[in-house]
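# Geometric and topological summary
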Amino acid sequence: LWDDILKNIEETMPEGTADLWLKTCVPLSVMNDVLVIDVPNVFVKEQISKRFQNVIEDVLMDKGYAQSLELKVASEARKDEQQRAERAAQHTGTLPRSGLNPNYIFNSFVVGKSNRLAHAASLAVAETPGEAYNPLFIWGGVGLGKTHLMHAIGHYVLNKNNSLKVTYVSSEKFINEFIQSIKNNRTQEFKSKYRSVDILLIDDIQFLGNKGSSQEEFFHTFNQLHVSKKQIVICSDRPPKEIQNIEDRLVSRFEWGLVTDIQMPDLETRIAILQKKAQIRNYEVPEDVISFLAQNVPSNIRELEGALNRIIACAELNSEPITEENATQWLKDIIRHNSKGPVSVDTIQQIVAENFSLTVEDLVGNRRTSDIALARQVAMYLCRKLTDISLQQIGFSFKKKDHTTVLHAQRKISKLVEEQPRMKEIVDNIEAKL
Ligand code: ADP
Ligand code: MG
């Protein structure tokens, strides 16, 4: 039966995919229309349930073998691991809650320089919803922990008072639901649903740009909640003023409470995050491998976590130890990809400072001697040229300079590079080192 299922599934996927994940599974039983299979660990279980569960269930039903599939992590040690995870979840009170990821709690969030303020503000809001900062607006690039913090607020509030109504929604979902409600003549229901919550966590608000009638609806929802002192938390990939095609009255409301950002974590924080993730997974990952990852996967935390998951999976599937050498092998494509990818602001600052014989401290600081000012402008120019980071965020990385300063630097250096061969040489030289 299992072989037959495997054969059927293989036909629907790229070659080798099903084999990689499913050959490590052992069918245990079919009872009451449920096929139970044994999977080697929690990670494989997650992957299978994400990628294969539906396909497998389709085949099961097609063939009349069973109606559904259950995945069991069966070996004793692994059972233990799962129980521990469940106990931990109970301990923190994170029962499955609709829309909230049970792993996104304050306890699992690592605090560093890059997210300290956002974390503190989130905690304050969670402790005294509607009182500390309303709304709380958190912005920053993808995969830096905004959604994690929002869910953490939700869990914290519910742990203290289970009767509160916490709603987490992405602005896309909000828009879709709103449009659907118009189609179905159910706008009243929609309005009362969102206007009656105690805490509204609304994610990726930038998608509200350009969406006229939904913006209008959100505006009224916001007002209603705000006057009744209900907490609103908003996340976005950019600061309020940079959201495109959004009404001024909304932008100004977004700035009523506290606006704070999350930056890319520094090396130290990246290491701490990896250690935390490995610890949560209950997995021993040697220190040198952790720091290897932190240094070589310099993009966002989601990708960093993906790299960690990958080496754990590879170690298990190949029954090999996690060493730096193996990790290099397993992450070949990710690391190669990254070294070609955009450089970080940190690196640009370091290399530029070196080239002008300055310290990074001087480069990003406020001193304005002509050589420092020029070096600073070159660094800003290169940040614009070599990264996708917004003006505002670059300004921030230079001790909170205004985005117009960055824009000015960009224009000035582009012009100099065009007009002065000597300048072009200097800039090209630095760029080659990056
Ligand atoms: P965003 O919403 O900013 O795109 P997410 O909140 O989805 O990012 O975070 C991406 C992943 O990184 C999640 O798995 C999250 O748990 C993890 N993460 C981000 N920041 C931290 C942190 N400071 N500590 C622990 N995990 C983090
Ligand atoms: Mg997010």
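Cut-off values and rules
Residues numbered from 1 in each chain as written. Chains lettered and ligands numbered in written order. Predicted model: local features only at pLDDT ≥ 70, side-chain atom pairs only at ≥ 80, totals over all residues. Heavy atoms only, no water. Helix = DSSP H or I, 4+ residues; strand = E, 2+ residues; numbered from the N terminus. Buried < 20%, exposed > 50% of the residue type's maximum accessible area, 1.4 Å probe, protein only. Areas by Shrake-Rupley, 256 points an atom, 1.4 Å probe, with all protein chains shown as cover. Near = heavy atom within 4 Å. Polar contact = N/O pair within 3.5 Å; in protein donor to acceptor, adjacent residues only side chain to side chain. Pairing = 2+ DSSP bridges. Contact = heavy atoms within 4.5 Å. pLDDT = per-residue confidence, 0-100.

In this section: the overall build of the protein. Scanning the protein from terminus to terminus reveals 22 helices and eight strands. Scored against the burial criterion, the 434 residues of the protein give a buried share of 44%. Taken as a whole, the protein presents about 22600 Å² of accessible surface, with 48% of it coming from carbon and sulfur.

Not every one of the 18 residues close to ligand 1 is listed here, only the nearest: Val110, Gly143, Thr147, His148 and Glu305. Val110 is positioned with one of its backbone polar atoms (N or O) 2.7 Å from a nitrogen atom of ligand 1. In this structure, Thr147 approaches ligand 1 through a side-chain N or O atom, which is 2.7 Å from an oxygen atom. Contact with the protein chains hides 95% of the accessible area of ligand 1, taken as 560 Å² for the molecule alone. Within the residue set of the shell around ligand 1, elements represented by two or more residues are α7 (146–160), α12 (267–280) and α14 (301–318).

Of the two faces of strand β4 (residues 136–139), both are covered, the one formed by Leu136 and Ile138 as well as the one formed by Phe137 and Trp139. Looking at chain direction, β4 and strand β7 (residues 231–236) are connected through four bridges and run parallel. Its bridge partner lying in β7, Leu136 is registered against Val233. With four bridges joining them, β4 and strand β8 (residues 258–261) adopt parallel strand pairing. Residue pairing across strands places Leu136 opposite Leu258, the latter belonging to β8.

Moving on, we get to the side chain of Ser181. With respect to the helices and strands, the residue Ser181 is situated in helix α8 (residues 171–183). Polar side-chain contacts of Ser181 include one of 2.7 Å to the backbone oxygen of Phe178. The residues touching Ser181, leaving out its near neighbours within four places in the chain, are Arg186, Thr187 and Phe190.

The next subject is the confidence of the model for the protein. When pLDDT is averaged across the protein, the result is 87; 92% of the residues are at 70 or more. When the elements of the protein are averaged for pLDDT, helix α5 (residues 76–91) gives the smallest value, 48, and β7 the largest, 98. Note that residues 90–95 has pLDDT below 50 and, in this model, eight contacts with residues that lie over four places away or in other chains. On the interface metric, ipTM, the complex scores 0.99, and its pTM is 0.63.

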